[in-house]
Amino acid sequence: MSTQAYAVQHEGIAPLGAEGLEAARRAALADALENAALFNGASVKASSQSGQKWGESSQIRGAPIGEYRTVKEWQSNGFLHVIVDVDPAIVAARVQGNEAVSSKPAQCTGADYKRKILVSHFWVQRPAQMSDLDRFPEGLQLEMVRKFYDSGNYIAQRAPSEAVFDLLPQYVDPILQPERVREMARRYAVQFVVGGIVRDISTSGERYTTTYGNDVRAGERKIELNVPLVNFTQFGLKATPAARRFEYELFVFDGVSGALINRHRLAGKASGSVVQDTATSMGSEGFKETDFGRLVDAKLAEGAARVSQDVSCIPFSARITRVEKGRVYFDAGGTSKVAVGDTMQVYRVMPGALPLDAASFEPTMSLGLPEEIVGNITVSQVQPLFAVGAMAGSKVQAGDYVRFVGRGGQK
């Protein structure tokens, strides 16, 4: 059996500001190294907030030359993206102050609620590369849902064959549609929506193994030996790919506003057993036992961890489904860890309001929608999938949203 061997790659992002490309490159590299440390167990603590991104009290020191290398660099929507190969053992130890590392996520007010998240269809940028991968996009969806469930922080579901954005062949970036995000979030009753694009699953190199008969899979070729006895017994050699990349991009959306919260590009390379057959197709028990399967599993776990970091300090919210006789019903309950006595603020996305767009962004890049605070409720009854609150104020109506304020009435 071959040994797993894949590169550890992480993405960093920085805005292209007035300070120029070099300043953005330094900031993007620092972000990539910080992401590497987070993935390998470094702890961070949220201490300040700027826009939708929380500041962190610990920072990663820059690794000396030779401990990482830049694999790819590109610009998109006013941001510079870099992907670096990193030695995880070195970067994980380079936390400022040499503090002990921890795998626990940052703790934020109300973070113990289980939020609802939807995983939409994964696009494959080059479908010809998955000729040996049966139902690969569907398998990625299912595995990502399992990752979110296994974390214990989410109620996750998937949207079969339904994408949260379109990817046209002539474009590299997807066409973001905030209204589609909002519509899917309402229909599936979730707070966040995740979409993905598989950028690269190409194979490279060759290694040689024995074969019998026509045991040749997609991407392999049989080598003719021209030896009569060998040909008669049908034993022979075949050339099979020696390595395979897995590179994908995740997009994290806020379901209420439809705004893009963050995007992550993750990549790695596996060596050894990288061509799949029906017995080791995506989602099968044998898939994770292959070198390529282990790579995919690790990168999906890294992606789920990135999403958790993105949304961990965004307040819990749910949608009001009914208002009746002074009682407010909303679509989150005991399974989301809502408890009697919890205090919720009620807000309404302003009807007819246009999305807030940044002039420097593409027209489809929404910053969100303005909202209006219309009241408060205190949870009085909890069922598994919904809760009921006593209403303070007469303006609350179905279609409004509740946002966490305090546990047991304590702000």
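The present account deals with the structure reproduced in this document. (Residues numbered from 1 in each chain as written. Predicted model: local features only at pLDDT ≥ 70, side-chain atom pairs only at ≥ 80, totals over all residues. Heavy atoms only, no water.)

## What about the environment of alanine 332?
Right, on to step 1. Tracing the backbone through its elements, the reader meets alanine 332 in the loop between strand S16 (327-330) and strand S17 (343-349).
Right, on to step 2. When its relative accessible area of 2% is taken as the criterion, alanine 332 is described as buried.
Right, on to step 3. Sequence-distant contacts of alanine 332, that is, excluding residues within four places in its chain, are made with Lys116, Phe316, Ala318, Val338, Leu385, Phe386 and Ala387. (Helix = DSSP H or I, 4+ residues; strand = E, 2+ residues; numbered from the N terminus. Buried < 20%, exposed > 50% of the residue type's maximum accessible area, 1.4 Å probe, protein only. Contact = heavy atoms within 4.5 Å.)

## Quick word on the nonpolar core
Right, on to step 1. Ranked by internal contacts, the top residues of the largest apolar core, which has 35 residues, are Phe136, Leu140, Met144, Phe148, Phe246 and Phe292.
Right, on to step 2. Of all the secondary-structure elements, those providing two or more residues to this core are strand S6 (115-124), helix H3 (136-151), strand S7 (154-158), strand S8 (192-200), strand S13 (243-254), strand S14 (260-271) and helix H6 (291-311).
Right, on to step 3. Top contributing element to this core by residue count: H6, with seven residues.
Right, on to step 4. Dropping the residues within four chain positions of it, phenylalanine 148 is found in contact with Ile117, Val119, Asn153, Tyr154, Ala156, Val194, Ala304 and Val307.
Right, on to step 5. Counting 17 residues, the second largest nonpolar core, distinct from the first, contains Val328, Ala332, Val346 and Val396. (Core = buried A, V, L, I, M, F, W, Y, C linked by side-chain atoms within 4.5 Å.)

## With respect to the pairing of S17
Right, on to step 1. Of all seven residues in S17, five are buried; the element is thus mostly enclosed.
Right, on to step 2. The pairing of S17 with strand S18 (residues 371-382) spans seven bridges and is classified as antiparallel. Note on S18: the bridge partner recorded for valine 349 is glutamate 371. (Pairing = 2+ DSSP bridges.)

## With respect to the environment of glycine 196
Right, on to step 1. Relative to the helices and strands, glycine 196 is located in strand S8.
Right, on to step 2. According to the relative accessible area criterion, glycine 196 is buried, its value standing at 0%.
Right, on to step 3. When the C-alpha atoms of glycine 196 and phenylalanine 165 are compared, they prove to be 9.1 Å apart, with 31 residues separating the residues in sequence.

## Focus on the packing of aromatic side chains
Right, on to step 1. A complete count under the given rule lists 13 aromatic pairs for this structure.
Right, on to step 2. Ring geometry for tyrosine 113 and phenylalanine 316: centres 4.4 Å apart, planes at 25 degrees, overall stacked. One end of the pair, tyrosine 113, is in the loop between helix H2 (88-92) and S6; the other, phenylalanine 316, is in the loop between H6 and strand S15 (317-324), and 203 residues separate them in sequence.
Right, on to step 3. Judged by its relative accessible area of 1%, tyrosine 113 falls in the buried class.
Right, on to step 4. You can call phenylalanine 316 buried: its relative accessible area is 3%.
Right, on to step 5. Plain terms: the ring middles of phenylalanine 246 and tyrosine 248 are 5.1 Å apart, the flat faces sit at 20 degrees to each other, and that makes the pair stacked. Comparing phenylalanine 246 with tyrosine 248 shows no difference in burial state: the two are buried. (Phe/Tyr/Trp six-rings, centres within 6.5 Å; stacked < 30°, edge-to-face > 60°.)

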